[in-house]
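Overview (structure and organization)
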Amino acid sequence: MSSTRVLVLNSGSSSVKYQLIDMRDGERLAVGLVERIGERTSRLIHTHVAAGDTREQNGPIADHEAALKAVAAELGRDGLGLDSPELVAIGHRVVHGGEFFSEPTLVDENVLTEIERLIPVAPLHNPANLTGIRTARALRPDLPQVAVFDTAFHTTMPESAARYAIDPKIADRYRIRRYGFHGTSHAYVSRETARLLGRAPEDVNVIVLHLGNGASASAVRGGRCVDTSMGLTPLEGLVMGTRSGDMDPAVIFHLMRVGGMSADEIDTLLNKRSGLFGLCGDNDMREIRRRVDEGDEQAGLAFDIYIHRLKKYIGAYYAVLGRVDAVAFTAGVGENSAPVREAAVAGLEGLGLAVDGELNAVRGQEARLISPADARVAVAVVPTDEEMEIATQTYALVNESGNPNLT
């Protein structure tokens, strides 16, 4: 029997998202989420897509091993279990791959060791990603497991963009450089934007704006990333839901010396109590816009700071690319907030950027242009699909490895 199904696992610190995809036609067979792992209020939501059947389990799920066993059981109830001969591989999202991993990689002990070595620069993400991989390997030791790295798409950045201006010996010793994140999303969206324009990715220059609770921008020239806003960690760059983004690093020294704060306290401040949440107490753009519309000055200032940073990156990446064919908005805020898109390009008409008010107001699940027909630079909304990107890269790698069960 031919094998064409890929299970995609995204293991977070207290959650597991999953999708089972048939790569013959890209059909999603099952999707689901396990959340609040390790708590009494754990929940598993599973949807058998073809049957339109959604099931929910509530109750304690002790750890990731228990979570994945519960996922396997739900898939089994639909005849889609992990023991299916049609399952060709499991693809895993791994947040940080450092310099070593520039493409999807078959998992072995050496790969696991390297992912573990990168934990200091991704302490919230890589441990959970590792747990998911190890548990899946234990459940199906005979099945290829593929790691797809958030950082991989950005390994094409030139050294002039990837290096910080510090002593290279110290930088190399401690692996300090700009890695970037959300790479699977930036890769997918830049390619889909080219498709939307009816052009080949290698002929298109795109600024991708991945705007969710975490947010990042990238400059993509001919399908290759040449700059991105996140750096050593996901803290650098745009204003985010709870992260500060760019700031003078001396603020940290000031908080230590004058504020008496510890490194851990400052880490928590900048990653969890800053950004939109730190500025106005909300990190949901819908709520912030509601408050702005009601005249809330604090929410208005938070929105203005968010947009100011976004404009700066659009302008900077326009300069980096030299020629821009499209600006693409994606992820939760980018796909759904018309006011953010409008404000981000307002005043940039001299760069050929504009949005059509009516097109911008339309909501939809399809990739679409929201710029006027005669605009010099296309402005697009392109829903991201990181799971499909992970599945595509996983399937291609296993196919290249010569698996005899593949069609």
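Predicted model, so just to flag it, every value in this text is computed and none were measured.

One pass over the full model with this rule turns up 3 aromatic pairs. Relative to Phe101, the ring of Phe100 has its centre 4.9 Å away and its plane inclined at 85°; by these criteria the two rings are edge-to-face. Judged by relative accessible area, Phe101 falls into the buried class, the value being 3%. Between the aromatic rings of Phe101 and Phe149, the centroid separation amounts to 4.4 Å while the plane-to-plane angle is 10°, which identifies the pairing as stacked. Placement of the pair is Phe101 in the loop between strand E6 (87-94) and strand E7 (105-106) and Phe149 in strand E8 (residues 145-149), with a sequence separation of 48 residues. Linked through ring pairs, Phe100, Phe101 and Phe149 together constitute an aromatic cluster.

This next bit is on helix H3 (residues 126-139). Taking 1.5 Å of rise per residue, 14 residues should cover 20 Å, and H3 covers 20 Å from first to last C-alpha, within 8% of that figure. All of the buried residues in H3 are Asn126, Ala128, Asn129, Leu130, Gly132, Ile133, Thr135 and Ala136. As for H3, its buried residues are in contact with strand E1 (5-11), helix H1 (64-77), E6, helix H2 (109-117) and E8.

What follows covers the packing of H2 against H3. H3 packs onto H2 with a crossing angle of 160° between their chain directions and a minimal axis gap of 10 Å. Accordingly, the angle class assigned to the pair H2 and H3 is roughly antiparallel. In the packing of H2 onto H3, the handedness of the crossing is left-handed. Between H2 and H3, the contacting residues are Glu109, Leu112, Ile115 and Glu116 on the first element and Asn126, Leu130, Ile133, Arg134 and Arg137 on the second. The residue makeup of the contact of H2 with H3, split by class, is 4 nonpolar, 1 polar and 4 charged.

Following the UniProt record, one finds the feature "binding site: Mg(2+)" (unreviewed entry) at Asn10 and Glu386. Annotated residues spanning 377 residues; largest pairwise C-alpha distance 9.9 Å, indicating a single compact cluster. Its place among the elements puts Asn10 in strand E1. Non-local contacts of Asn10, meaning those with residues more than four positions away in its chain, are made with Ser15, Val16, Lys17 and Arg93. On the secondary structure map, Glu386 appears in helix H15 (residues 386-400). At 3.4 Å, the side chain of Glu386 and the side chain of Thr184 are in polar contact.

A separate point is the packing of helix H10 (residues 285-293) against helix H11 (residues 297-321). For the pair H10 and H11, interaxial distance at closest approach is 8 Å and the crossing angle is 125°. With respect to H11, the axis of H10 lies oblique. Relative to H11, H10 is oriented so that their crossing is left-handed. Together, Met285, Ile288, Arg289, Arg291 and Val292 of H10 and Gln298, Ala299, Gly300, Phe303 and Tyr306 of H11 make up the contact between the two elements. Broken down by class, the residue content of the contact of H10 with H11 amounts to 6 nonpolar, 2 polar and 2 charged.

A few words on the sheet that holds strand E13 (residues 368-369). Ordered in space as E11-E10-E9-E12-E14-E13, the 6 strands form an open sheet in which the pairing is mixed. Edge positions in the sheet fall to strand E11 (224-228) and E13, since each of these pairs with one other strand and no more. Sheet topology places strand E10 (residues 215-221) next to E11; 4 bridges connect them, and they run antiparallel. When the sheet's bridge partners are listed, Ser218 is paired in E11 with Thr228. Sheet strands in contact with helix H13 (residues 338-345) are strand E9 (205-211), strand E12 (326-330), E13 and strand E14 (378-381), and its direction is about 150° off that of E12.

Cut-offs and rules
Note that residues are indexed from 1 along each chain, following the sequence as it is written. Totals for whole chains, interfaces and linings use every residue, but because this is a predicted model, local features are given only for residues with pLDDT of at least 70 and side-chain atom pairs only at 80 or more, for both listing and counting. The side-chain figures draw on all heavy atoms in the structure; neither hydrogens nor water molecules are used. Note on aromatic contacts: the rings of Phe and Tyr and the six-membered ring of Trp form a pair at centre separations within 6.5 Å, being stacked when their planes are under 30 degrees apart, edge-to-face when over 60 apart, and tilted otherwise. Remark: exposure states derive from per-residue accessible area (1.4 Å probe, protein chains only) relative to the maximum for the residue type, with buried under 20%, exposed over 50%, and partly exposed in between. Under the scheme used here, helices are H or I runs from DSSP no shorter than 4 residues and strands are E runs no shorter than 2 residues, and both carry numbers assigned from the N terminus. Multiplying 1.5 Å by the residue count of a helix minus one yields the expected span of that helix. Two residues qualify as a contact provided that any one of their heavy atoms is within 4.5 Å of a heavy atom in the partner residue. Think of each axis as a best-fit line through the C-alpha atoms, taken over the contacting stretch in the case of a helix, with angles from 0 to 180 degrees between the N-to-C directions. An angle below 35 degrees is read as roughly parallel, one above 145 as roughly antiparallel, one from 65 to 115 as roughly perpendicular, and any other as oblique. Handedness of a crossing follows from how the near helix is turned relative to the far one, being left-handed for an anticlockwise turn of less than a right angle and right-handed for a clockwise one. Only Asp, Glu, Lys and Arg are considered charged in this grouping, and only Ala, Val, Leu, Ile, Met, Phe, Trp, Tyr, Cys and Pro are considered nonpolar; every other residue, Gly among them, is considered polar. UniProt positions are given in the numbering used here, feature names are shortened, and annotations may be inferred rather than shown by experiment. In the analysis that follows, any N or O atom pair within 3.5 Å is treated as a polar contact, provided that within protein one partner can donate a hydrogen and the other can accept it, and provided that, for residues neighboring in sequence, both atoms belong to side chains. A strand pair is defined by DSSP finding two or more bridges across the two strands.

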